[in-house]
Amino acid sequence: MRSVLNVPLNSAQEAFMLIDCVLVVLLGHAQAAFMSKADVQVGVVMGSDSDWPTMVKAVEVLKDFGIGFESKVVSAHRTPELLMDYAGQAQQRGLKVIIAGAGGAAHLPGMLAAATIVPVLGVPVRSKALSGMDSLLSIVQMPKGIPVATFAIGEAGAANAGLSAISILALDDMTIRQKLESFRVTQRDTVLSKTLPPVDSL
Ligand code: RP5
């Protein structure tokens, strides 16, 4: 007798052991898939992989706080169908917040917001032509009825979008709230510990 893996089996006992191993592997995969789905609360999307050096600042904050997230390139102009699928499935997939970064004629955050009620935090990526002013105005000037919470241009905006996502999650999660409070305390203490050079030395 040979197994499905083409391994010769000498006894019923070996066959049972093989089935046992296969079940363990299959259950492990099923559990991993379930856990990763349930854990992803924040979607970090961006119009291009060229936005990553900016958007990684949001990802770093989420990682520091142990928040489950996913990151993905979704382009409003180059992959409009993907955009609509992503927004359309966001709520049922368990996303609580979407952080969307884009540069130039930055339609991604607004179009996502148009297609989901999951809160969208928009990060204007610094563009080469207009240093991100185009991105900022494209994202911030949403018409009444479809809001996008808009952040500062560039890395500070991305990091703050991460922190705002955490604030939203903290409303329902005591552990996240405590981490956020502790982050604020550490930040305050760091600032209070700073000293400036003595004026006499000037
Ligand atoms: C936007 O166009 C992206 O968000 C990016 O900031 C900008 C330029 O994209 P690439 O030409 O670098 O792919 O859609």
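Structure: above.
Residues numbered from 1 in each chain as written. Predicted model: local features only at pLDDT ≥ 70, side-chain atom pairs only at ≥ 80, totals over all residues. Heavy atoms only, no water.

K.L.:
With reference to specific residues and values, describe the site of the ligand.
P.N.:
In the vicinity of the ligand, the contacting residues are G47, S48, S50, D51, R78, A102 and G103. Its residues assigned to classes, the shell around the ligand comprises one nonpolar, four polar and two charged. (Near = heavy atom within 4 Å. Nonpolar A, V, L, I, M, F, W, Y, C, P; charged D, E, K, R; others polar.)

K.L.:
I'd like a rundown of the side chain of S127, residues and numbers included.
P.N.:
Here S127 lies in the loop between β4 (120-125) and α5 (133-140). Classification of S127 as buried rests on a relative accessible area of 14%. Separated by 3.4 Å, the side chain of S127 and the backbone nitrogen of L130 make a polar contact. The contacts of S127, once residues within four sequence positions are left out, are G104, G132, D134 and S135. (Helix = DSSP H or I, 4+ residues; strand = E, 2+ residues; numbered from the N terminus. Buried < 20%, exposed > 50% of the residue type's maximum accessible area, 1.4 Å probe, protein only. Polar contact = N/O pair within 3.5 Å; in protein donor to acceptor, adjacent residues only side chain to side chain. Contact = heavy atoms within 4.5 Å.)

K.L.:
Tell me about the nonpolar core, and name the residues and values.
P.N.:
Membership of the largest hydrophobic core comes to 24 residues, with the highest contact counts inside it found for V42, V44, L62, I67, I99 and I166. Breaking this core down by element, the ones donating at least two residues are β1 (42-46), α2 (52-64), β3 (97-103), β4, α6 (155-170) and α7 (174-192). Counting residues per element, this core draws most heavily on α6, at seven residues. In this view, I99 contacts V42, G43, V44, V45, M55, A58, L62, L121, V123, A161, G162 and A165; residues no more than four positions away in its chain are not counted. Counting residues in hydrophobic clusters, the runner-up holds 20 residues, among them V45, A76, L112 and V120. (Core = buried A, V, L, I, M, F, W, Y, C linked by side-chain atoms within 4.5 Å.)

K.L.:
Outline unusual backbone geometry, supporting the account with residue identities and numerical values.
P.N.:
With phi around 55°, S131 is a residue other than glycine that occupies positive phi space. With respect to the secondary-structure elements, S131 resides in the loop between β4 and α5. The class for S131 is partly exposed, based on a relative accessible area of 41%.

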